[in-house]
Amino acid sequence: PDEVYVFTPKGKILALPRGATVIDFAYAVHTDIGHRCVAAHIDHELIPLSAELANGNQVEIITAPHANPNPAWLGYVKTSRARSKIRQFLKAQQQDGSSVLGENMLNQELRSLGVIPSELPPPVWERVIHDAGKKSRREIYADIGMGRSLAVAVARRLIEHDEVQQGERRDSAPLVIRGT
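Basis of the calculations
- Residues numbered from 1 in each chain as written.
- Predicted model: local features only at pLDDT ≥ 70, side-chain atom pairs only at ≥ 80, totals over all residues.
- Heavy atoms only, no water.
- Helix = DSSP H or I, 4+ residues; strand = E, 2+ residues; numbered from the N terminus.
- Rg over C-alpha atoms; globule rule 2.2 N^0.38 Å.
- Buried < 20%, exposed > 50% of the residue type's maximum accessible area, 1.4 Å probe, protein only.
- Areas by Shrake-Rupley, 256 points an atom, 1.4 Å probe, with all protein chains shown as cover.
- Lys, Arg positive; Asp, Glu negative; His and termini not counted.
- Charge placed at Lys NZ, Arg CZ, Asp CG, Glu CD.
- Pairing = 2+ DSSP bridges.
- Arc of directions from axis to C-beta.
- Salt bridge = Lys/Arg side-chain N within 4 Å of Asp/Glu carboxyl O.
- Axes fitted to C-alpha atoms, helices over the stretch in contact; angles between N-to-C directions.
- Contact = heavy atoms within 4.5 Å.

1. Considering the overall build of the protein chain
And step 1. Assigned secondary structure in the protein chain consists of six helices and five strands.
And step 2. Moving toward the C terminus, one meets the helices and strands of the protein chain in the order β-β-α-α-β-β-β-α-α-α-α.
And step 3. The globule rule puts the C-alpha radius of gyration for 180 residues at 16 Å, and the 26 Å found for the protein chain is more than 25% above it.
And step 4. With the C-alpha coordinates aligned to their principal axes, the bounding extent of the protein chain is approximately 80 × 30 × 25 Å.
And step 5. Going through the 180 residues of the protein chain one by one, you find that 36% of them count as buried.
And step 6. Accessible area of the protein chain: about 11,300 Å², with a carbon and sulfur share of 52%.
And step 7. Charge centroids of the protein chain, computed over 22 positive and 21 negative side chains, lie 2 Å from each other.

Structure representation (structure tokens):
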């Protein structure tokens, strides 16, 4: 009584919890189908993604190559698999957007400090990434984009490490000490 049994277009039977929607079905078939679903046919009738499934329904998912999960889907999915896959996708999408924003903010800050971002050598980046406890530049960009780090602070760390590295190459460079 707490499950519904529905059919794929090829006749395969899927068991889902009672109250499951078309989106739950799509994610039960395959994660990519769930991510790309835009509509569905239940028993050859076009229905919305939020429609609940009933025993014996034949469900066909309609997908689009550029479709993405909608945060509103979390309100009417029933299965934990669908809920976790949607959250995972939305988090990755937010991370990508934050990463792009953070990269733009850092590049703008570096330019304002008179440094061309593309001319920073990889060893400088590696040292700053290591010091920050991150795995890649993308993580540093995402932190800046999400507001966890300030672009000014990261830019200054990059410049300081670059100056230290240049100082290691030039033995006769003067050392400026500020303060007492």
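Next, the rest of the story.
2. Observations regarding the pairing of strand E3 (residues 37-42)
Within a regular strand, side chains alternate between the sheet's two faces.
And step 1. Direction of pairing for E3 relative to strand E5 (residues 59-63): antiparallel, over a ladder of five bridges. Bridge pairing links His41 to Glu60 in E5.
And step 2. As judged from the three bridges shared by E3 and strand E4 (residues 45-47), these two strands associate in the antiparallel manner. Opposite Ile42, over in E4, you have Glu45 as the bridge partner.
And step 3. In this antiparallel pair of consecutive strands, E3 and E4, the connection spans two residues, and Asp43 shows a positive phi of 50°.

3. Topic: helix H4 (residues 122-132)
And step 1. Every buried residue of H4 is accounted for by Val124, Trp125, Val128 and Ile129. Viewed end-on, H4 has its buried residues packed into an arc of 130°, placing them on one side of the element. Across from the buried face of H4, at angles greater than 90 degrees, the exposed residues are Glu126 and His130.
And step 2. Gly133 occupies a position one or two residues after H4 and carries a positive phi of about 75°.

4. Focus on the pattern of salt bridges
And step 1. Evaluation of the coordinates by the stated rule reveals three salt bridges.
And step 2. In this structure, Asp96 and Arg138 form a salt bridge, with 2.0 Å as the shortest nitrogen-oxygen distance. Separated by 42 residues along the polypeptide, Asp96 in helix H3 (residues 80-112) and Arg138 in helix H5 (residues 137-146) bring together distant segments of the chain.
And step 3. Asp143 is paired through a salt bridge with Lys134; the nearest N and O atoms lie 2.7 Å apart.
And step 4. The exposure class of Asp143 is buried, given its relative accessible area of 8%.
And step 5. Given a relative accessible area of 28%, Lys134 falls into the partly exposed group.
And step 6. Among the ionic contacts, a cluster of salt bridges with common partners joins Lys134, Asp143 and Arg148.

5. As for unusual backbone geometry
And step 1. Positive phi outside glycine occurs at Asp43, with the angle close to 50°.
And step 2. Positive phi, close to 70°, is recorded for His44, a residue that is not glycine.
And step 3. Its place among the elements puts His44 in the loop between E3 and E4.
And step 4. In this structure His44 comes out as exposed when scored by relative accessible area, which is 65%.

6. Topic: the sheet that holds E5
And step 1. Read from one edge of the open sheet, three strands run E4-E3-E5, paired in antiparallel fashion. Each of the sheet's edge strands pairs with one partner strand only, and the pair in question is E4 and E5. Going from strand to strand, the sheet's axes swing by 35° on average, the running direction of each strand aside.
And step 2. With respect to the sheet, helix H1 (residues 22-29) is in contact with E3, E4 and E5, its orientation differing from that of E5 by roughly 85°.

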